[in-house]
Structure formats: structure tokens, C-alpha cells
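# Tertiary structure, described
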Amino acid sequence: MTTRLESTGDFFVKDCALTSIATGRRAQNLRELRDDLLTVHPGSIYYHFWGGLLRPSFVEPEYNNDFAAWAFHGLHDQILAERLAVIVPTDFANMEDLRQELIDVIDERLDETEHVPWSKADQQFHFIRSQIVVMDTHHTIREPRELADAVPKMSISSIFYHFIDARRRTEKGIDDFRAWLAGFEEDYDGLALSLAEIDPYFSSLSELRDQLASIFRAHFSRRRRRR
Amino acid sequence: MSNLLGRYAKVAGEDVIDHLRQLSLPLKGMKMIHVNSTRVGGGVAEILAKLVPLMVELDIDCSWEAITGDNDFYQCTKSFHNALQGNTVAIPESLIEHYEKVNAENLEKLRPALREADMVIIHDPQPAPLLRLCPERRGKWIWRCHIDISQPFRPVWKYLRQFLESYDASIFSLAAFAQEMPHPLYLVPPSIDPLSEKNMELDSSEIGSTYSRFGLDPDRLIALQVSRFDRFKDPIGVVQAYRLAKSFTPSLQLVLAGGSATDDPEGEAVLNDVRKAAADDPDIHVLLLPPDAHRTINGLQRIADIVLQKSTREGFGLTVSEAMWKCKPVIGGNTGGIRLQVVNHHTGFLVNSPEGAALRLRYLINRREERLEMGRKAREFVRENFLITRHVREYLTIALAILQREEERIRPR
């Protein structure tokens, strides 16, 4: 039996569904993209970095965010595409910092190019944002060791909610698993470190689920063996 | 689990159905009405025929009404359709007046139900004026646009927009199709029903009988396009592509199979043009099928080796997902929703001309293993992204979002 801090309750497994909403804003060239980025809804920046996880996709995308993909496929600017592709959203404290980084990279590119790159008429960049509907699954995890069995059974949208979306809503900007484990008196620092090392930006949701399950399984089976 | 939901769970997965149940719980008993302009023919009617019973199974009081009109009404709405897809179309004032009159007549029949509904979803421009004609409505009204209106003929869009601005939300199939309006513009791609007659598994004798029924040779390759006889589907371009490929593979057969929807008066003219283009070649089979020939289309898609959907404009092109569900690689026009379904070089090829289609035809004709591998990938891609269960989920999500009027994070109560 683990000992939990008074404020720590059970882990309520949630699920979520995303809706995509067109903002009506579209960019035909790089300067329009930059100008729209100044004022577009922060949810749109979030969507274009993370929304790909919940969209139809088939192969490993060449670029992990929509801005970089458009720079390559729409503007045919490979240098800009590479610079935008290395922006990792988890490096930024909030969407405003991420927005500023995007604008800085684009401004730098505009400064060094003689002509503003344009896309073809039917290859505009469409700014999209999302709404998230959060649901109770009525499944509760009482003890950390239950995570080893529970995580593989979670839907991929539950994984999105607890591992990706959580970074926007938890106090420390971390996933729900780490936030919950921090509420126990037992030492879960090693486990939390393993979870922190998962890079959510380069995996599909089902791959993330497998990685999480594997870490929980390994951790709790080691503990059983030690007892 | 109900029988219907259980059958979908077998195809889409239990977790997908559990998800739908969770989403629908807060909406239990909600009265939702879909309104379109035809019960048969075309993708919208096909989707509604399955989506509505699924919503009912999820305890939503969901129903479907089709407005009725005469030839002049459909002539007018077909002109709208062409104009919204970018054609310059002059519509006589008398037809416009008739369009509004027919809508007013339909409203009188539907008024009690529409007035009381919690949510009304109006499909495409045909019934768009109903909202304005029903000021005593108490629910939320959504306009669902199934067509590509990315570059509409502006005078017609300006006219229709006056009816649409008062809706509580719109739904488009792709961001590129959305036009700015003073309400949320949701994005929902359409879907196919894996249990429908058009997509269900068929036994081998039924599939085999399709060859003899249409005089097709089972020992020779078949290329197929299934679509309405509509200029935007470019059936003439398909014939051109076939002729270019046939010079390298003389045994190739082409099937152009199309139905006609009751709201499409132009179909006959296009069909005649296609028949003229195909006249001298016995290996081109032009089939005019009745609107309910779903099983026949299913059989044709299953006997085809390569499927084309060479549209030059496309709302979405559900026939692409239908063919992919049957493990067929698809050569699709590089336009609209086809781009979302055909992952270039993985589930098929995107092309921009009859020449491009011919090149890919030749490529696939000569690479049997690649055809089969693309087909396998195509089916999985559809399973994950384009089945009707995903479509129902998105409608439920939007219903929750609109009813709760919250900006970004919605917790059903």
C-alpha cells in the first residue's frame, strides 16, 4: 500500500474528443503568415504543433509542425522549413513564447530573402484551432502500480488528454501521470524522470501509449522483484 | 450493447463505440433533425441513411427530413452548386424566386418539428432559407456544407450568404472550403458506412457474377470510376487517360459507372458526351445505374484492379474511401477532399491531368505487388479515419460544444 499526501486523490481516467474549427484566416505568402501569427488565437498555434497527432496521417511526417510543412510544400523554402521544424513546443513555457519564436524565425528569413515567397493559389496556409471535449470514463486508478495494467487499455485520446493536453493545464506544465505521482510519499522520482524523457513530439499516440506502458511495467515489475 | 452498435464495434473497435456512448450521454433525448433535399442519390443521402439510425441507437431523438421541389427548383439549386464550385452562372430572377417559394412551402410542412428541435442541421444550399423562415425556432441551427466553396462565383455566394449568416455554426469538409462567417466554422470530413450494401463484404459468387452481368472479362485488368455523370468528375478525362494507357496495355478494360441523383438535371447531357467519347471502343463500359444500385457498385469496386476518381473539383469524393476500403489503390484528382484520402505513393496517386492519370495507370498495371500493398494500406487508412463512427463522434462533439457555448474546453454536464 502506498502512502499519499492528503491532497492527492485517485487518478480519474478521462477521455477527450477534439473538434477542428477553421479560423477563416489564410496566408498566401510568408509575410501574410507572419502577420496572421501576430494575432491568431493561441489555440491555433497549439493546433498546428500538436493537432497532427489526432489527424489522419499515414507516414512519418517530414516536418513535425504544420508551419514547417507549409514552408516546404507550399512555399518551397527548404531553409525556412528546416528552421521551423527544429522548434520544439515543449521548450517554451507558454503559447505566447512559442508564437514569438515562430515570428522571430520568419522575420529572420524575410530579412535575408529578396522576394517574399508565395504559394500557389490552392496551397494557402489555413489557420485552424480546436475545441476539446473532456469526458469521464468512470475508470479510477487508486494506486500507482495499477498504471502498468491501466495504461495499455487507455484509448489514444485518453493518452492525448493525460500526456499532451495536460501540459497546458497542470501547474508545472507536466503530464498528468507525473503530476499525480508527485503526490505520493514514496519515491517516484526515477519513474517521473523516465516519463519526462519520452519525447511526445516525435511519436504517434499509439506509440506513446506503448512507451508509457513499457515504462510503468518495467518500473513496477522491478519493485515487485525487490520485495 | 444494441445490435447495430455491436455490429459497428466489430468493424471499428469496441473502444470507438464506448467513446460514442460517453459523448452521447449528456445529449440523451435531445431532438436533432437533419434536413437535405433528396433521400436517394449522392453522398449526403447515403451518409444520413446511416448516421441517423446510429444517433437513434445512442438515445438521441434524431430524424431526417428531405425537402421536395420540382424541376425548376432543382435547376436553380444545381446552378447554385455549379456557382459555388466556381463556375460563372447566370440564374434568372424567376428561378431565384421559385427557390425561395419552394423553401417557404416546405417550411410550412416542417415548421412544427423544426420549431421544437434542439438542433437542426441543414445540408447544403437547397434548404438554406429555412432558418430565416422559422423565426420562432428554439434550438441551435447548423449549416452543413458538403461542397467545395473555396472559390465561389461571388454573386451567388453573396445571395446565399444572407441566409447562412444567422446560423449558429457551419460545418465544412476541409479548411480550404470554409468561407468566413460570423459563427464557428467546424471542420468534419465525411465518411463511409462499412456495413452498408455499398461497402459490406460480398460472397465470391456474387462478386464473380458482376463480370458476366456487365460483359467484363475476368482475365483482363479493369480500371473503374464510379461517380455521377458530372463535368467536375471529369469522365471524359478518364476516357482520355484510359486511351493513353491502352496503347501500352491493349487488354485494359474501363468501367464508368454512375448514378443520377434526383437533384441533378445536368447528368444526362454529360452522360451523352461520355457515350460519344466511348463509342468506338467495346472495352469501355458506360453504366447508368439506378440510385439504389449500391450492391452493384460494391461488386464493381471489388472486381476492379485500379480505381480512378479523376475529379477536377470535389467536395470530398466518398467513392475514394469506398474503393480504398475494398483494398484498391486509387488514382485521384489532386483536388479537395481527395487529397485527404489519397496519400500520394502510399494509398494511390494524386494527378492533375489525363496524362498524369495515364502514367499512374501504366505504373500500377505493371506492378501487381505494389497494387496489392497500396490496397492493404488504403483499407487500414480508411478504418482509422473515414468510417461513419468517426463522423458520428464529431457531430456529437460539435453538438456538445455548441450547446454549452464554451470557448475551448468543454466538460459535458
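Here is what the cut-offs are and how they apply
- Residues numbered from 1 in each chain as written.
- Chains lettered and ligands numbered in written order.
- Predicted model: local features only at pLDDT ≥ 70, side-chain atom pairs only at ≥ 80, totals over all residues.
- Helix = DSSP H or I, 4+ residues; strand = E, 2+ residues; numbered from the N terminus.
- Rg over C-alpha atoms; globule rule 2.2 N^0.38 Å.
- Contact = placed C-beta atoms within 7 Å.
- Domains from an automatic or database assignment.
- Nonpolar A, V, L, I, M, F, W, Y, C, P; charged D, E, K, R; others polar.
- Expected span 1.5 Å × (residues − 1).
- Buried ≥ 20, exposed ≤ 12 C-beta atoms within 10 Å, placed from the backbone.
- Axes fitted to C-alpha atoms, helices over the stretch in contact; angles between N-to-C directions.
- Parallel < 35°, antiparallel > 145°, perpendicular 65-115°, else oblique.
- Left-handed = near helix turned anticlockwise from the far one by under 90°.
- Pairing = 2+ DSSP bridges.
- Core = buried A, V, L, I, M, F, W, Y, C linked by C-beta atoms within 7 Å.

What follows covers the overall build of chain B. Along chain B, the regular secondary structure elements total 16 helices and 13 strands. Relative to the globule expectation of 22 Å for 413 residues, the C-alpha radius of gyration of chain B, 21 Å, shows essentially globular dimensions. If you line up chain B on its principal axes, its C-alpha atoms span 65 × 55 × 35 Å. Taking contacts inside chain B between residues at least 6 apart in sequence as the whole, the part at least 24 apart equals 70%.

Take the domain arrangement of chain A next. Residues and elements named next belong to chain A. In terms of domains, chain A is made up of domain 1 (11-15 + 134-226) and domain 2 (18-129). Using C-alpha coordinates to define each centre, domain 1 is positioned 30 Å away from domain 2. For the side of domain 1 that touches domain 2, the element with the most residues is helix α7 (residues 156-169), which contributes three residues. Its residues assigned to classes, the side of domain 1 that touches domain 2 shows five nonpolar, one polar and one charged.

Residues and elements named next belong to chain B. Taking 1.5 Å as the rise per residue, helix α4 (residues 71-84) with 14 residues should run 20 Å; its terminal C-alpha atoms sit 20 Å apart, in good agreement. The buried fraction of α4 is high, at ten of 14 residues. Inspection of α4 places F73, Y74, C76, T77, S79, F80, H81, N82, A83 and L84 among the buried residues, and these make up the whole buried set. Against the buried residues of α4 lie α5 (93-116) and α7 (154-164). Phi for G86, located one or two positions after α4, is positive at around 110°.

Our focus in this paragraph is the packing of helix α2 (residues 14-24) of chain B against helix α16 (residues 388-404) of chain B. Residue and element names in this part refer to chain B. Relative to each other, α2 and α16 sit at 20°, their axes nearing to 10 Å. It follows that α2 is roughly parallel to α16 by the angle criterion. The two elements α2 and α16 meet at a crossing, and its hand is left-handed. Of α16, the residues touching α2 (which contributes V16, H19, L20, L23 and S24) are T389, V392, R393, L396, T397 and L400.

All names here are of chain B. Taken in spatial order, the six strands line up as β9-β8-β7-β10-β11-β12 in an open sheet, and their pairing is parallel. Each end of this open sheet is capped by a strand with a single partner; those strands are β9 (284-288) and β12 (348-351). Across this sheet, the average inter-strand angle for adjacent strands is 20°, counted without regard to direction. Two elements, strand β7 (residues 222-226) and strand β8 (residues 253-258), share five bridges in a ladder whose sense is parallel. Considered in β8, the bridge of A223 is made with L254. Across the sheet, helix α10 (residues 267-278) touches β8 and β9, and the angle it forms with β9 is around 160°. Where helix α11 (residues 294-303) meets the sheet, its contacts fall on β7, β8 and β10 (306-309), and the angle it forms with β7 comes to roughly 145°.

For the rest of this paragraph, the subject is the interface of chain B and chain A. Counting residues at the interface gives 29 residues for chain B, matched by 20 residues for chain A. Of the residues contributing to the side of chain B that touches chain A, the split by class is 17 nonpolar, five polar and seven charged. The pairing of strand β1 (residues 11-27) of chain A with strand β6 (residues 185-187) of chain B spans three bridges and is classified as antiparallel. When the sheet's bridge partners are listed, A22(A) is paired in β6(B) with L185(B).

Bringing the packing of helix α9 (residues 235-246) of chain B against α10(B) into the picture now. Helix-helix packing: each pair is described by the crossing angle between the helix axes and the interaxial distance. Residue and element names in this part refer to chain B. Close contact between α9 and α10 brings their axes to 9 Å; oriented N to C, the two are set at 15°. Here α10 runs roughly parallel to α9, going by the angle between their axes. The two elements α9 and α10 meet at a crossing, and its hand is right-handed. Contact with α9, carried on its side by P235, I236 and V239, involves V270, D273, V274, A277 and A278 of α10 and no other residues of that element. The residue inventory of the contact of α9 with α10, partitioned by class, reads seven nonpolar, no polar and one charged.

Bringing the nonpolar core into the picture now. Residues and elements named next belong to chain B. V120, I122, F172, A223, L224, Y242 and L361 are the most contacted members of the largest nonpolar core, which totals 167 residues. Broken down by element, this core gets its largest block of residues, nine residues, from α16. A223 has contacts with Y242, L252, L254, A304, D305, I306, L308 and L361, leaving out every residue within four places of it along the chain.

Right, let's get into the domain arrangement of chain B. Residues and elements named next belong to chain B. Domain boundaries in chain B define domain 1 (3-191 + 387-404) and domain 2 (204-385). For domain 1 versus domain 2, the separation of C-alpha centres amounts to 28 Å. Looking at which element gives the most residues to the side of domain 1 that touches domain 2, the answer is α4, with five residues. For the side of domain 1 that touches domain 2, the residue count by class is seven nonpolar, 13 polar and three charged.

This part is about the pairing of β1(A). All names here are of chain A. Counting buried residues along β1, 14 of its 17 residues qualify, which places the element largely inside the surrounding structure. Two elements, β1 and strand β2 (residues 125-141), share 14 bridges in a ladder whose sense is antiparallel. When the sheet's bridge partners are listed, A22 is paired in β2 with I128.

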